[in-house]
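What follows is the residue order along each chain.
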Amino acid sequence: MNEKCQFNRGFKKVPTRPNFQEIDRKWQSIWKKNRLLFVTDDLRKNAEPWVFFDGPPGTNGRPHIGHMMQSALKDVWPRFWTMRGKRVIRRAGWDTHGLPVELTAEKELNIGTKREIESYGVQNYINYCRDTVFRYKSDWENAIRRIGREIHLEDAYATYQRPYIETGWWFLKRAWNTQLNQNGELYYGENEQNGFRRLLYRADRIMPYCCRCGTPLSNFEVSQGYKTTTDITLFVKFPLVNQQDTFFVAWTTTAWTLLSNMALAVGPEIEYVTLLLTQDSEVGKKGEKLIIAKERISSLEKFFPNYKIIETKLGKEWENTPYIPLWDWQTKQVRNVKQHIVVSDTYVSTEDGTGIVHLAPYGEDDLRILRKLSIQYFLAVNEDGIVEDFVPEFQKRYFKEVNEKGDCLLDIEILKNLLQKGLLLAKEKVDHEYPFCYRCDTPLMYFPRKGWFLRMSDLRERLLQANELIRWQPPHIKEGRFGNWLENVNDWNFTRERYWGSPLPIWSNKRVGDDEKFLCIGSFEELKRYSTTVLEDDFDLHKPGIDLVELKNPYTGELYYRENFVLDSWFDAGIMPWGQWGYPYFEGSIEKIDGVDKQYPADFICEAIDQTRGWFYTLLACSVIYHTSVEAENKTYPNKKKPLPFPSSFKNVICTELVLDEKGQKMSKSKGNVVDPLEQFEKWGADPVRWLFYSVNPWTVKRFSEDIIQEGIQQVLLPLWNAYVFFTTYAEADGWTLEKQSNDYSTLDAWILSRLTELIENVTNALENFDVARSAQAITFFLDELNNWYIRRSRRRFWKSENDIDQFAAFTTLHKVLVTVTKLMAPFAPHLSEEIYQGLTQSDPNQDITQSVHLAKWPETSDIGKRDLELERKQSLIRDIVTIGHNLRQSQNLRVRQPLLQMKVCHRTEDLNAIEEIEKNEHVICEELNLKRVTFHIHPNEVVTFQCKPNLKTLGPRFGNRLKEISIKIQNLNSEQIENALKTKSLQIEQETFSLDDLLISCNAENGWVARMEGDWIISIQTTLTEELLAEGFVRELVNRIQNARKISNFEVSDRIHIDLWFKDKSVSKLLNDPLIQYLKRETLAVSLDIHTNHNIQEYQEVSGYEVKWAVRKVESRRENV
RNA sequence: GGGCCUGUAGCUCAGUUGGUUAGAGCGCACGGCUGAUAACCGUGAGGUCACAAGUUCGAAUCUUGUCAGGCCCA
């Protein structure tokens, strides 16, 4: 035993049932008082690092049970690797910026629009946000502590702190300096290289925008405000240039966007037909030609009853065809001539409309195509929703102005205007889902807004390559959800037009067009250098202060003004590997020990699956950018080469799934089925709740059910505790101490130690592979074997007997097993493991915290010895035989307390080795099955006779009408022939060969016996009961009754008793001969026994068919008497 | 509409490159054990492995399709 034994005080019996909550509190306070985590850090100061990143949770709500699953899982591997000697820095972090915080603040301040925020005062608003941030922090800390997660909370990083923000600036400056050309070549430097473009750029992007609130909305906000509305949709005729009376027909659900029509889009491979109208109608005069997609004809025919198709062309053949704008002022608004032409793009479909799409800069795809083709555009409706003055027909109108009937007035007027010009083919009212502002119910407008982007699409290949280096659990995420996302990755718009966030460190000279220049600032020091005003060292980098900072180019003297954005809080999260240390500027406490280079990349992260597009993605994106920037630097400055970082900032990741309620429903406040984690910890204790999360794969959707918690207690935690109670009970009773060890192991000892070796292998292996459920299963299975075979079988060895050495060996074995198991369980059930481990090692963590199980060396197989597979196989043979024996007893209704004379055992292939092995364990079988003896036989005919029936299912198809004849032959086989067939596994009758499948073999025992063939074993048990056997059975029943009486009377296991017995039928006492009386007394620790013959008692109870009454009482305990 | 996942006993889930009769726990029924355990053990009942087709000597497992549920995205 390598555990340090502080002083040998002997073992103390422990309560039969553990109080999990009390154990939690006890150890949490000891760990805290003795600074376990700090001591751990100190001990592992020079050890090889194993890196864990804690994804920063947002602190704008209370932690729920799903977060607790995260905590439970995140806690396992740092503990495991610490025990294996690695240095694992465990530092918590908080995600403190972003919209959720602002929404909380807005709600509480009862403001909602940017204008309201401005009038409340941006500084006040920022202060308020900062205060809300830590509103829930203590709830989080309590929950994390309560579950027993070991992590530095007192030293948590927070994304709003200056060092973290500065890391973001450092990072963006690197992205700014990193430049790529079309061949994928890299350059690194402040000045833009010819033909290269920066990873960082500004562009327009379509945002859902509320023109009343003056705010773009996030996807989440948009999804809350969908409503069904009725809109007028128009089929509009766009006349072709130089082709009289020929029109493209496009369909739109937002008439007002026609004012900004820039182009028409067709699908390149879609077929378009030109229809000739052969009759005047509402849609047009006879002779007019209309171009629509061929597939749409059937749905549009209703508008033009008489037509013929005169031409069919593919979309791409129409490319670049010019058309006449709907209003002539439209041409004047842009300098570029390239507009009002047909373009082709694969996003066009023929599912609705005409297969021709009108493009205006109010849609994501529209803008993408316009930008791709360098088509300049103008906005006829501004961000306030007002039509610009250059539109003479509708100037100053609001785009969603409605009348009493709810019709949109602007749309109607546009309709009328087009009708007048003969450019309207048809109109339809359509119900569809349209997003409204969830705050003020204003219809949203998709509006192009400026924003800053990271050029992720150019880094797609690098992202995919980095992903190759990651091990995903479950594995399908890698190629599936995450891989697909990377394949289709778009540039990352990482800026927001909000207030509470890290500020974008970019300043602009605010000139128009190509003359606009930017300065990207990489640190506070750099900011001070360029600033026109003096910045104090405690200057807050947040808005609004930062907005007021003006920069001056020292060479040109030109002034620069801040780009008014804050950073996406996902960006904050993505730079966490560097941000948590304030890299490269900040020198803090832990990070001095070793910098970011050793704490990168993470060996392990673990978050919920919804992070695929969240933290998992931004972490990878940032690490790829960083990796690329270092590569670019090395290319540009070959003399100063830096080591290339790992392309991904994490190597292994577990994606956890949702935790549902007991019925499989999503937990939600409105349903009232939310489980409060703290309540659960108080109800069950931390370890039982933790175990729930380990027993099922974390990456499958799981239900939170108290039944399963209870199951874990019953199957794992209580069995472990019970084994511990057993050990301490007898160690105390017999004064066994660690000095009385013996390696003189019995077969059973060797067996359980061999099983223990396997357990170590399995648990270690599973944890190394991030497969927590497998390790939990292995532990569960082992504890069952320990309790229900090893301890049950060895019980008597722990009682005081003449053979001290064997008793010592038993104690030594059980002690070793328990110490090892508690170490293996320490990462899962830290409190219970510590409690038991301390009880077993007799150390005192209050004196020396380094004796904690969490600093123990992780068990290795070599600590125990080699696995003995042969021995394990033999033991399982015995258990098989016992099982068959139980089975046979049951079939004859012979309870185990009734002794039987004999069992015959035979192996049907005459496996002498197996038989010999069983023979050695005859006593075990006798005890388990309450038999007088077991005999072993080589020839089955000594045990049973065989009978055989044909298997008609297999023989039928083979023999057809010969079946009857064959069947008779088979039925007439004698026992020896069948036995022979069993041995050789085939049978020859005349010319036909039969396999064992063709025969339904059964066996019969002689009279007074019952037999069964199971697998290769043939077992027979004698069922005849003699007088002596019945008497013995009766006594064993009495023992049982008296033991129960002892228990009911709460006697100690070592208490000596006196027994009184009364029999209704006085002759019964004759059954009890002296050996049986002695047996009865020995088994019940009775020092005396009276059988009353002279009495008159009514309340008898039936035992084995006899009327009996019994009573017990305690007598002075004198152990040496027994 | 697209992508991914799931569907195995009444319930919760295992099932490892395709390979004997598909497993465990809970629950149920019956029986048993108890000088650690108000606990436990044994036995049994309970499965067309969602459905269909295909590949194969052989499919819960591989392929395709259908159905149902979930998640993400549009």
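Rules used throughout
- Per chain, residues are indexed from 1 in the order of the written sequence.
- A letter from A marks each chain and a number from 1 marks each ligand, given out in the order of writing.
- For this predicted model, a pLDDT threshold of at least 70 governs which residues receive local features, and a threshold of 80 or more governs which side-chain atom pairs are given and counted, while totals over whole chains, interfaces and linings are taken from all residues.
- Excluding hydrogens and water, the side-chain figures rest on all heavy atoms present in the structure.
- A run of H or I in DSSP counts as a helix once it spans at least four residues, and a run of E counts as a strand once it spans at least two, with each numbered from the N terminus.
- Categorising residues by exposure relies on relative accessible area from a 1.4 Å probe, with only protein chains included: less than 20% of the type maximum marks a residue as buried, more than 50% marks it as exposed, and the intermediate range marks it as partly exposed.
- Any two residues having at least one pair of non-hydrogen atoms within 4.5 Å are treated as being in contact.
- Summarising the geometry, the arc corresponds to the directions from the helix axis toward the C-beta atoms.
- Note on terminology: a nonpolar core comprises buried Ala, Val, Leu, Ile, Met, Phe, Trp, Tyr and Cys residues joined through side-chain atoms within 4.5 Å.
- In summary, the pairing rule links any two rings of Phe, Tyr or Trp, Trp by its six-membered ring, whose centres are within 6.5 Å, and it sorts them by plane angle into stacked for under 30 degrees, edge-to-face for over 60 and tilted for everything else.
- Look at NZ for Lys and CZ for Arg. If either is within 6 Å of the ring centre and within 35 degrees of the ring normal, a charge sits over the ring.
- Strands pair, by our definition, only if DSSP identifies at least two bridges between them.

1. Quick notes on the environment of Gly353
At step 1: Examined against the element boundaries, Gly353 turns out to sit in the loop between β14 (342–344) and β15 (356–359).
At step 2: What makes Gly353 buried here is its relative accessible area of 6%.
At step 3: Contacts of Gly353, omitting those with residues within four sequence positions, involve Phe235, Trp251, Arg296 and Leu300.

2. Topic: helix α11 (residues 364–372)
At step 1: Buried within α11 are the following residues: Asp366, Leu367, Ile369 and Leu370. In an axial view of α11, the angular spread of the buried residues amounts to 165°, which keeps them on one side of the axis. The exposed set on the far side of α11, more than 90 degrees from its buried face, consists of Glu364 and Lys372.

3. A word on the nonpolar core
At step 1: Counting residues in hydrophobic clusters, the biggest one holds 123 residues, and the most contacted among them are Trp77, Leu786, Tyr790, Met825, Met903 and Ile925.
At step 2: In terms of residue count, the dominant contributor to this core is helix α22 (residues 706–734) (14 residues).
At step 3: In contact with Leu786, other than residues within four places in its own chain, are Ala723, Ile752, Ile791, Leu814, Val817 and Leu818.
At step 4: The next biggest cluster of nonpolar side chains, apart from the first, holds 70 residues, and it includes Tyr209, Leu290, Trp327 and Ala380.

4. Quick look at the packing of aromatic side chains
Any aromatic ring pair is given by two values, namely how distant the centres are and how the planes are angled relative to each other.
At step 1: Throughout the structure, instances matching the rule amount to 59 aromatic pairs.
At step 2: A centroid spacing of 5.4 Å and a plane angle of 15° characterise the contact between Tyr201 and Phe453, whose relative ring orientation is stacked. Pair noted here: Tyr201 is in strand β6 (residues 200–210) and Phe453 is in strand β17 (residues 445–454), with a separation of 252 residues, a long-range link. In terms of burial, Tyr201 and Phe453 fall into one category: buried.
At step 3: Plain terms: the ring middles of Trp452 and Phe518 are 4.9 Å apart, the flat faces sit at 80° to each other, and that makes the pair edge-to-face. Residue Trp452 is located in strand β17, and its partner Phe518 is located in strand β22 (residues 518–520); the two are separated by 66 residues in the primary sequence.
At step 4: Note on Trp452: relative accessible area 1%, which makes it buried.
At step 5: On the accessibility criterion, Phe518 (22% relative accessible area) is partly exposed.
At step 6: Taken together, Trp170, Phe171, Trp485, Trp492, Phe494, Phe571, Trp578, Tyr583, Tyr600, Tyr617 and Tyr626 form an aromatic cluster joined through their ring pairs.
At step 7: In this structure, Arg35 is placed above the aromatic ring of Phe38, and the distance from its NZ or CZ to the ring centre is 3.9 Å.

5. Section: the pairing of strand β11 (residues 271–277)
At step 1: Counted residue by residue, β11 has 6 buried out of 7 residues, so it is predominantly covered.
At step 2: Of the strand pairs in this sheet, β11 and strand β12 (residues 289–293) are connected by 5 bridges, and their pairing is antiparallel. Each residue of the ladder has a partner; that of Leu275, found in β12, is Leu290.

6. Overview of unusual backbone geometry
At step 1: Residue Pro584 follows Tyr583 across a cis peptide bond; omega there is 0°.
At step 2: Within the secondary structure, Pro584 is located in the loop between α17 (576–579) and α18 (590–593).
At step 3: At the junction of Tyr600 and Pro601, the peptide bond is cis and its omega measures out at -5° in the coordinates.
At step 4: Relative to the helices and strands, Pro601 resides in the loop between α18 and β26 (605–608).
At step 5: Even without being a glycine, Lys396 presents a positive backbone phi close to 70°.
At step 6: As for its placement among the helices and strands, Lys396 is situated in the loop between α11 and α12 (409–421).
At step 7: Its identity as a non-glycine residue notwithstanding, Phe770 has a phi of 60°, on the positive side.
At step 8: Owing to a relative accessible area of 5%, Phe770 belongs among the buried residues under this scheme.

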